[in-house]
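Understanding the architecture of this molecule
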Amino acid sequence: MLRSRFLIPAALAATVLAGTPSAPLAAQTPISFNSLAYGGACQWGGGPVDITNHQGFDFFGLRPLDIANYTGACWGGYGQQHGYLNGPGQTLPAVVGLGFGRAQVQTLAATPFNLRSMSFGAGWSNVSLSIRGYTGLFTADNQPYAMRTDITLTPGTLQTVDFGALGFSGIRFFSINVEDWGTPQFTHWDTGAPMTEETYFVTGMVYDLPAQVPEPATAGLLALGVGVLGLAARRRR
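Residues numbered from 1 in each chain as written. Predicted model: local features only at pLDDT ≥ 70, side-chain atom pairs only at ≥ 80, totals over all residues. Heavy atoms only, no water.

1. Section: the overall build of the protein
For the protein, the count of helices and strands is three helices and eleven strands. Helices and strands in the protein line up, N terminus first, as α-β-β-β-α-β-β-β-β-β-β-β-β-α. Element-wise, carbon and sulfur atoms account for 57% of the exposed surface of the protein, whose accessible area totals about 13000 Å². (Helix = DSSP H or I, 4+ residues; strand = E, 2+ residues; numbered from the N terminus. Areas by Shrake-Rupley, 256 points an atom, 1.4 Å probe, with all protein chains shown as cover.)

This is the structure:
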């Protein structure tokens, strides 16, 4: 009579032979503000002051700007030229994050993330931005940063920063700061008074989370279980 053998699944055996389960590659995830559209009557300064608890992040200092609201309800018929219009090399989504001065992107639940790319545009004049990444939660201006890159924006041209190409994709960030360090170059359209802050907008953020690796205790239990199954198979021979 043939005796049955207990066969260990090939995938499970390969995992144990490798030492620990291989971690899957983390998927790249885009952030969209389109769900924050408001339309209706003109809102010059955009929506709420901060975008919080949105797709796993807080965006302090960024407010949703509904492009249709701004270019239609606010500026419809005025013929004003600004950076919130689609132009050569710039195709904007329905809603962008509008910034004045400093903005901070911070992960929720203290989960580090790998920043892949972000896109930036200027509102009314050229804008100089400093983008800095922190491996801890941002708490003070003198806090050391792990990454910094500076860019200059021109209205009507969307500029995408590829952090992987800059060598920063392997850094796990907790906070990203975006700050306007330039000098205002325009005056108020009605009063002629100097404007104290330039405006810029953020869109096209793409990130991924570190792949999940099983804890040592979990891997140990898995190896022990496979060992017991192997011993049982030998005893049945």
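There is more to say, and it comes next.
2. Description of the state of the cysteines
In this structure the tally under the stated criterion is one disulfide. A sulfur-sulfur separation of 2.0 Å characterises the disulfide bridge that pairs Cys42 with Cys74. With the S-S bond torsion at 105°, the cross-link from Cys42 to Cys74 turns out right-handed. Note that Cys42 is positioned in the loop between β1 (29-30) and β2 (51-54) and Cys74 in helix α2 (residues 67-74), a separation of 32 residues in sequence. (Disulfide = S-S within 2.5 Å.)

3. Some details on unusual backbone geometry
With a phi angle near 50°, Asn53 is a residue other than glycine that sits in the positive phi range. Counting through the fold element by element, Asn53 comes out in strand β2. Overall, Asn53 belongs to the exposed group, its relative accessible area being 60%. We note that Gln55 has phi near 50°; this positive angle belongs to a residue other than glycine. Its relative accessible area of 37% is what places Gln55 among the partly exposed residues. (Buried < 20%, exposed > 50% of the residue type's maximum accessible area, 1.4 Å probe, protein only.)

4. Quick notes on the pattern of salt bridges
Applying the stated criterion across every chain yields a total of five salt bridges. Between Asp208 and Arg116 there is a salt bridge, with its nearest N and O atoms 2.5 Å apart. In this pair, Asp208 sits in strand β11 (residues 199-208) while Arg116 sits in strand β5 (residues 113-122), placing the two residues 92 residues apart along the sequence. The class of Asp208 is buried, set by a relative accessible area of 2%. Residue classification places Arg116 among the partly exposed positions, given a relative accessible area of 24%. Across the salt bridge formed by Arg132 and Glu179, the nearest N and O atoms sit 2.7 Å from each other. Placement of the pair is Arg132 in strand β6 (residues 127-134) and Glu179 in strand β10 (residues 175-180), with a sequence separation of 47 residues. A single burial state applies to Arg132 and to Glu179, both of which are buried. The network of salt bridges with shared partners includes Arg102, Arg132, Asp141 and Glu179. (Salt bridge = Lys/Arg side-chain N within 4 Å of Asp/Glu carboxyl O.)

Honestly, that's just the spatial picture; any functional story needs more than this.
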